[in-house]
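# Summary of structural features
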Amino acid sequence: MSAESCARAAFHRAQRIGARGFTLIEVVLAMTIFALLGTILYGAFALSHSALAKSQASAARSQTARSTADLLGSYIRSAHPYRASPQEQTVLFDGESDTLTFISAYSHGMGGRGMAKIEITIDEDETGRAALYLEETTPVRVGGDGGAGQAHRLVLRERIRNFRLAYLDPQVEEETWHERWDGQEKRMLPRAVRLSFV
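Since this is a predicted model, take the numbers as computed values, not measurements.

Our next topic: the environment of Gln184. Its location among the elements puts Gln184 in helix α3 (residues 183–186). The residues touching Gln184, leaving out its near neighbours within four places in the chain, are Thr90 and Val91.

The following block contains the structure:
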């Protein structure tokens, strides 16, 4: 083999080896595409993570609202037309648009047994934030006869807005909701109590 044929063979081998590799432009282009795909995937992941966090927070708020409404509903459904004495005609049930006081046949503090005086109120703290409170007093004592009983007060919901109570009149045929219900004046319980809040 001559030197010339060896040089040609080496040249052809070098061309075949160079044909198998990537040029600098191809490598830079591939890295750019890879970086763009990574950025798109990261953005999609961050967006889905943010949406998941928002939906979990919304579900937690909804669950808190449902729990609050269920607890208040269980107390209100068990309202008892309590009279201070058998001769008394008035019923202890005093409802305003933002407060309610009544006697319940359900006492959470006594394990679901016995009667309790229930007060549902809205109070604002020094910063102006409103909170929904439920106070249960057992045993039931009305008037000045023998002390106040044992009271348990708990915060049902903080940062509550637009809390409103309405009372359905049982004496009229059409549905009539009142913002105030006085058991001393009406001498009976309302047919229903509607509560709304945010």
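For the rest of this paragraph, the subject is the sheet that holds strand β4 (residues 130–138). In spatial order, the strands read β5-β4-β3-β2-β1-β8; together these six strands make up an open sheet with antiparallel pairing. Of all strands in the sheet, those with a lone pairing partner are β5 (150–158) and β8 (181–182), marking the two edges. In the sheet, β4 pairs with β5 via eight bridges, with the strands oriented antiparallel. Paired with Leu132 across the two strands is Arg157, which belongs to β5. Helix α2 (residues 24–77) contacts β2 (100–104), β3 (116–124), β4 and β5 of the sheet and is inclined by roughly 145 degrees relative to β5.

Moving on, we get to the packing of aromatic side chains. We describe a pair of aromatic rings using the distance from one ring centre to the other and the angle between the two ring planes. In the structure shown here, the tally under the stated rule is three aromatic pairs. Here Phe93 and Phe102 contribute two aromatic rings whose centre-to-centre distance is 5.8 Å and whose plane-to-plane angle is 35 degrees, an arrangement assigned as tilted. For the pair formed by Phe93 and Phe102, the shared burial category is buried. A centroid spacing of 6.1 Å and a plane angle of 90 degrees characterise the contact between Phe93 and Tyr167, whose relative ring orientation is edge-to-face. One end of the pair, Phe93, is in strand β1 (residues 93–95); the other, Tyr167, is in strand β6 (residues 164–168), and 74 residues separate them in sequence. Owing to a relative accessible area of 3%, Phe93 belongs among the buried residues under this scheme. Taking the relative accessible area as the measure of exposure, Tyr167 reaches 0% and is therefore buried. Clustering of aromatic rings is evident, with ring pairs tying together Phe93, Phe102 and Tyr167. Over the ring of Tyr133 we find Arg153; its NZ or CZ atom is 4.0 Å from the centre of that ring. Sitting above the plane of the Trp177 ring, Arg194 keeps its charged end 4.3 Å from the centroid.

Conventions and cut-offs
Residues numbered from 1 in each chain as written. Predicted model: local features only at pLDDT ≥ 70, side-chain atom pairs only at ≥ 80, totals over all residues. Heavy atoms only, no water. Helix = DSSP H or I, 4+ residues; strand = E, 2+ residues; numbered from the N terminus. Contact = heavy atoms within 4.5 Å. Pairing = 2+ DSSP bridges. Axes fitted to C-alpha atoms, helices over the stretch in contact; angles between N-to-C directions. Phe/Tyr/Trp six-rings, centres within 6.5 Å; stacked < 30°, edge-to-face > 60°. Buried < 20%, exposed > 50% of the residue type's maximum accessible area, 1.4 Å probe, protein only. Lys NZ or Arg CZ within 6 Å of the ring centre and 35° of its normal.

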